[in-house]
Amino acid sequence: MDDPKDGIFSGFADLKYYVQWIRGILNKHFIENSCFLPIVEGILYSYEGSNEILSHGTLINHHRTIIEKCELGYHMAYPIGIRFCQGKGKWLSNTEKLCFNCGRVYVKNHVLIDNGDKALVGTAPWNVGIYQLNKTDSNYDMICGGSIISPNLIISAAHCFWKKAMLSKKISITDDLYKIAVGKYDRNFTIIDNEFTQIINVETIHLKEGYYGPTGFHAEDIAIIVLQNLVSFSNGVSPICIDWNGKYNVANGDQGKIVGWGKTEKGISSPILLEASLPYIDHSTCRNMFINGFELFVTVDKFCAGSSLGNQIFNRRQ
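An unreviewed UniProt entry annotates the protein as Peptidase S1 domain-containing protein of Acyrthosiphon pisum.

K.L.:
So what's going on with the overall build of the protein? Residues and values would help.
P.N.:
Along the protein, the regular secondary structure elements total 2 helices and 21 strands. Taking all 318 residues of the protein together, the buried fraction comes to 37%. Once local pairs closer than 6 in sequence are excluded, the contacts in the protein between residues at least 24 apart make up 53%. Accessible surface computed for the protein: about 19,200 Å², of which carbon and sulfur atoms make up 54%.

K.L.:
Residue-level account of the sheet that holds strand 2 (residues 43-47), with values.
P.N.:
Pairing is antiparallel in the open sheet, where 4 strands are placed in the order 2-4-6-7. Since the sheet does not close on itself, it has two edges, and those belong to strand 2 and strand 7 (90-93), each with one partner. When the angles between neighbouring strand axes are averaged without regard to direction, this sheet yields 30°. Looking at chain direction, strand 6 (residues 81-87) and strand 7 are connected through 4 bridges and run antiparallel. Bridge pairing in strand 7 places arginine 83 opposite serine 93.

K.L.:
Describe the confidence of the model for the protein, listing the residues and the values that go with them.
P.N.:
Close reading of the predicted structure is inappropriate where its pLDDT is low. Summarising the model, the protein shows a mean pLDDT of 81, and 81% of its residues fall at 70 or more. Taking the mean pLDDT of every element in the protein, the minimum, 44, falls on strand 9 (residues 110-114) and the maximum, 97, on strand 15 (residues 178-182). Taken together, the stretch residues 1-12 has pLDDT below 50 and engages in 6 contacts with residues farther than four places along the chain or on a different chain.

K.L.:
Tell me about the packing of aromatic side chains, and please be specific about residues and values.
P.N.:
Under the definition given, this model contains 6 aromatic pairs. Ring geometry for phenylalanine 217 versus phenylalanine 297: centroids 5.2 Å apart, planes at 75°, classification edge-to-face. Here phenylalanine 217, found in the loop between strand 16 (198-207) and strand 17 (223-227), pairs with phenylalanine 297, found in the loop between helix 2 (283-288) and strand 20 (302-307); they are 80 residues apart in sequence, far enough to count as distant. Members of the aromatic cluster, joined through ring pairs, are Tyr131, Tyr140 and Phe189. A cation over an aromatic ring shows up here: arginine 64 above the ring of tyrosine 47, its NZ or CZ 4.0 Å from the ring centre. Across from the ring centre of tyrosine 212, 4.2 Å away, lies the NZ or CZ of lysine 169, which sits over that ring.

K.L.:
Give a description of the nonpolar core that names residues and reports values.
P.N.:
Counting 29 residues, the largest nonpolar core has Phe161, Ile180, Ile205 and Ile225 as the members making the most contacts within it. For this core, the secondary structure elements donating two or more residues are strand 11 (127-134), strand 12 (139-150), strand 15, strand 16 and strand 17. Looking at which element gives the most residues to this core, the answer is strand 16, with 4 residues. With 14 residues, the next largest nonpolar core counts Tyr131, Tyr140, Ala181 and Phe189 among its residues.

K.L.:
Residue-level account of the pattern of salt bridges, with values.
P.N.:
Taken as a whole and judged by the stated rule, the model has 6 salt bridges. Aspartate 193 is the partner of lysine 184 in a salt bridge, and the nearest nitrogen-oxygen pair spans 2.8 Å. Relative accessible area serves as the criterion here: at 1%, lysine 184 is assigned to the buried category. Overall, the relative accessible area of 24% leaves aspartate 193 in the partly exposed class. One salt bridge connects glutamate 220 with lysine 208, and the closest N-O pair in it is separated by 3.4 Å. Here glutamate 220 is found in the loop between strand 16 and strand 17, whereas its partner lysine 208 is found in the loop between strand 16 and strand 17, with 12 residues between them in sequence. Taken together, the shared-partner salt bridges in this structure form one network comprising Lys208, Glu209 and Glu220.

K.L.:
Describe in detail the layout of surface pockets, supporting the description with residues and values.
P.N.:
Its boundaries defined by the atoms lining it, the second largest pocket holds a volume of some 350 Å³. Forming the walls of the second largest pocket are 15 residues, and the residues nearest its centre are Gly73, Cys102, Cys241, Ile242 and Trp244. The residue inventory of the lining of the second largest pocket, partitioned by class, reads 8 nonpolar, 5 polar and 2 charged.

K.L.:
Got a sec to walk through unusual backbone geometry? Specific residues and values, please.
P.N.:
A negative phi holds for most residues other than glycine; trans holds for most peptide bonds. Located in the positive-phi region is histidine 63, a residue other than glycine, with phi close to 70°. With respect to the helices and strands, the residue histidine 63 is situated in the loop between strand 3 (59-61) and strand 4 (65-70).

K.L.:
Give me the lowdown on the pairing of strand 11, citing residues and values where you can.
P.N.:
Alignment of strand 11 against strand 12, held across 8 bridges, turns out to be antiparallel. Note on strand 12: the bridge partner recorded for leucine 133 is tyrosine 140. As consecutive antiparallel partners, strand 11 and strand 12 are separated by 4 residues, and within that stretch serine 138 has a phi angle of approximately 65°, a positive value. As paired elements, strand 11 and strand 15 share 5 bridges and run antiparallel to each other. Paired with glutamine 132 across the bridge in strand 15 is tyrosine 178.

Rules and cut-offs
Residues numbered from 1 in each chain as written. Predicted model: local features only at pLDDT ≥ 70, side-chain atom pairs only at ≥ 80, totals over all residues. Heavy atoms only, no water. Helix = DSSP H or I, 4+ residues; strand = E, 2+ residues; numbered from the N terminus. Buried < 20%, exposed > 50% of the residue type's maximum accessible area, 1.4 Å probe, protein only. Contact = heavy atoms within 4.5 Å. Areas by Shrake-Rupley, 256 points an atom, 1.4 Å probe, with all protein chains shown as cover. Pairing = 2+ DSSP bridges. Axes fitted to C-alpha atoms, helices over the stretch in contact; angles between N-to-C directions. pLDDT = per-residue confidence, 0-100. Phe/Tyr/Trp six-rings, centres within 6.5 Å; stacked < 30°, edge-to-face > 60°. Lys NZ or Arg CZ within 6 Å of the ring centre and 35° of its normal. Core = buried A, V, L, I, M, F, W, Y, C linked by side-chain atoms within 4.5 Å. Salt bridge = Lys/Arg side-chain N within 4 Å of Asp/Glu carboxyl O. 1 Å grid on protein atoms, 1.4 Å probe; cavity = no way out; pocket = protein on both sides within 12 Å on 5 of 7 lines; lining within 4 Å. Points joined across faces, edges and corners; volume = space filled by probe spheres on them. Nonpolar A, V, L, I, M, F, W, Y, C, P; charged D, E, K, R; others polar.

Given below as structure tokens:
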């Protein structure tokens, strides 16, 4: 659209307002025996039997089979994704959502209320509860939390499993001593919280070789848990991110999310998952905040979160 009275002036139609209308016309006139590959974040398409990557939006002929895989950094909810073009723009697919990115919330949070305390269901899809069998009453008691880093691996703290006299930092589990609860918000092991909840047995626990408990000032307090079965990823269950290449820097005061079933202001363990947003405190600043010997426990692999006036959260670097 030009207006010669105003000199050089042009106006253009923004196609984003008309995508659905254009697609409707295309479907009616051009793809009677075809389908368009949908534009979906994290998905890689290829023809069955071919490694050539197809662009999103590619026109696929009737009765062709497409293989779906995930881009690097995404995790697959199913072993393989397949979609078959039925024609008239209709696909037959074996998956609803195949690829999930780390550290992302996919569901709209809703509030779980228990005796006045609140937790947001869906706020931390990577979080898990770690339970240990109480051989006295045959119940499973929560001992720690953890985070999903892959379909069969959980990251947690070494002190949750360490014993002073242990001979190996690799613990093989053969007696159902530990279980992992995914999609869990209520501390009670017997409660199935929601459609995303999964209970999975532990196969092996790897403690960091340099962890020696309080005598080592809890340095290298980190553990990797190997699961017997794979976690099923979904809108409510997905992994946490790890900065594998050291690309990101966190500055003092940057806000971070923490979730857990820790002690409340009343000094009791919370019956439901709680969430807080706290500022990051680097190692040297944190160490200088403590006196009377506690600063020795702020080893080089630690950082803190919280207020410089108190209420610090002590943690390890990840």
